[in-house]
Amino acid sequence: MKYNLSEITDIIRNRRSISPEKFSTRKVHREQLEMMLQNASWAPTHGLTQPWRFHVFMEDGRNQLIEFLPALYQSETPVDKFNATKHERLISRLQHVSAIVIVSMKRDETKKIKELEEHEAVACAIQNMSLTATAYGLSCFWSSPGYIYSAAMKDFLKLSTEDLCLAICYIGYPQEEWPKSHRKPLEYFTTWITE
Ligand SMILES: Cc1cc2nc3c(=O)[nH]c(=O)nc-3n(C[C@H](O)[C@H](O)[C@H](O)COP(=O)(O)O)c2cc1C
């Protein structure tokens, strides 16, 4: 065995999405984020287009999100669907979390690679981020509310129309015990063809 399989298996299986409301007040360090993003950039990328883009909001930078995201939720939600509790929760979430990474897909100018595959590469990058977070004892919570796909979100991130924001990742330490999860057994999702 070239690497420690049991350790990587633990990291993969213990990666957890923990709701930001359940994060403690312990701060995430810039060096941890740098490692997460560097590892993210080692995701597979068809044609080596490296379509991932990261906007990291920390410290006072979070104020920009506090100003923008709740207003975006309001402007992108039909009046009859607007939920004041959700709006409030978003504000307090943004105030509570010390590090937020917004992840986008930057469309390669040549368009030599299918757009779907560029999304897939970015999803792999997010997984690398999340696994690295797990190694630090951090959760990287992938949030994808409908408004992240809006034109206004692209403007905010200075993306072009062909790019796409894919995730708001809230990063933090859990307040309580690391949660457990479960998955279906291998037989449920695997077909072996042997002859
Ligand atoms: C593409 C994608 C989008 C997601 N968006 C959300 C979201 O908007 N809100 C949320 O609570 N969880 C979101 N999640 C996280 C899932 O809810 C989570 O992975 C699932 O509950 C399994 O839990 P685990 O990640 O702890 O194994 C998203 C995950 C993926 C892959």
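*Asks:* Would you mind showing me how to read the packing of helix H2 (residues 30-40) against helix H5 (residues 115-135) here?
*Replies:* Two numbers describe a pair of packed helices, the interaxial angle and the distance between the axes. Contact pair H2 / H5: the axes reach a minimum separation of 7 Å and the direction vectors enclose 140°. Crossing handedness for the pair H2 and H5: right-handed. Residue-level contacts link Met35, Met36, Leu37, Asn39 and Ala40 of H2 to Ala125, Ile126, Asn128, Met129, Thr132 and Ala133 of H5. Class assignment of the residues belonging to the contact of H2 with H5 gives a composition of eight nonpolar, three polar and no charged.

*Asks:* Even after reading the chapter, I still don't get the environment of methionine 36, so can you show me in this structure?
*Replies:* With respect to the helices, strands and loops of the structure, methionine 36 is situated in helix H2. Using a count of 28 C-beta atoms within 10 Å as the deciding quantity, one classes methionine 36 as buried. Here the alpha-carbon distance between methionine 36 and isoleucine 148, two residues 112 residues apart in the chain, equals 22 Å. Ignoring anything within four residues of it in the chain, the contact list for methionine 36 reads Met129, Thr132 and Ala133.

*Asks:* How should I be thinking about the nonpolar core in this particular structure?
*Replies:* Within soluble globular proteins, side chains that are nonpolar tend to cluster in buried spots. Judged by nonpolar contacts, the single largest core of 37 residues is most densely connected at Ile100, Val103, Cys169 and Ile171. Counting residues per element, the ones that place at least two in this core are H2, strand E1 (52-58), helix H3 (62-76), helix H4 (84-96), strand E2 (99-105), H5, strand E3 (139-143) and strand E4 (164-172). Counting residues per element, this core draws most heavily on E4, which supplies seven residues. Those residues within four positions of valine 103 in sequence are excluded, and the remaining contacts are Trp52, Phe54, Val122, Ile126, Leu166, Ala167 and Cys169.

*Asks:* Whenever I open this one, the sheet that holds E4 confuses me. Can you help?
*Replies:* The antiparallel open sheet is built from four strands, whose spatial order is E1-E2-E4-E3. A strand with exactly one partner marks an edge of an open sheet, and here the two such strands are E1 and E3. Taken over all neighbouring pairs, the strand axes of this sheet differ in orientation by 25° on average, direction set aside. Two elements, E2 and E4, share seven bridges in a ladder whose sense is antiparallel. Looking across to E4, one finds that isoleucine 102 is bridged to isoleucine 168. Packing against the sheet, H3 makes contact with E1 and E2, and its axis sits at approximately 100° to E1.

The rules behind these values
Residues numbered from 1 in each chain as written. Predicted model: local features only at pLDDT ≥ 70, side-chain atom pairs only at ≥ 80, totals over all residues. Axes fitted to C-alpha atoms, helices over the stretch in contact; angles between N-to-C directions. Helix = DSSP H or I, 4+ residues; strand = E, 2+ residues; numbered from the N terminus. Left-handed = near helix turned anticlockwise from the far one by under 90°. Contact = placed C-beta atoms within 7 Å. Nonpolar A, V, L, I, M, F, W, Y, C, P; charged D, E, K, R; others polar. Buried ≥ 20, exposed ≤ 12 C-beta atoms within 10 Å, placed from the backbone. Core = buried A, V, L, I, M, F, W, Y, C linked by C-beta atoms within 7 Å. Pairing = 2+ DSSP bridges.

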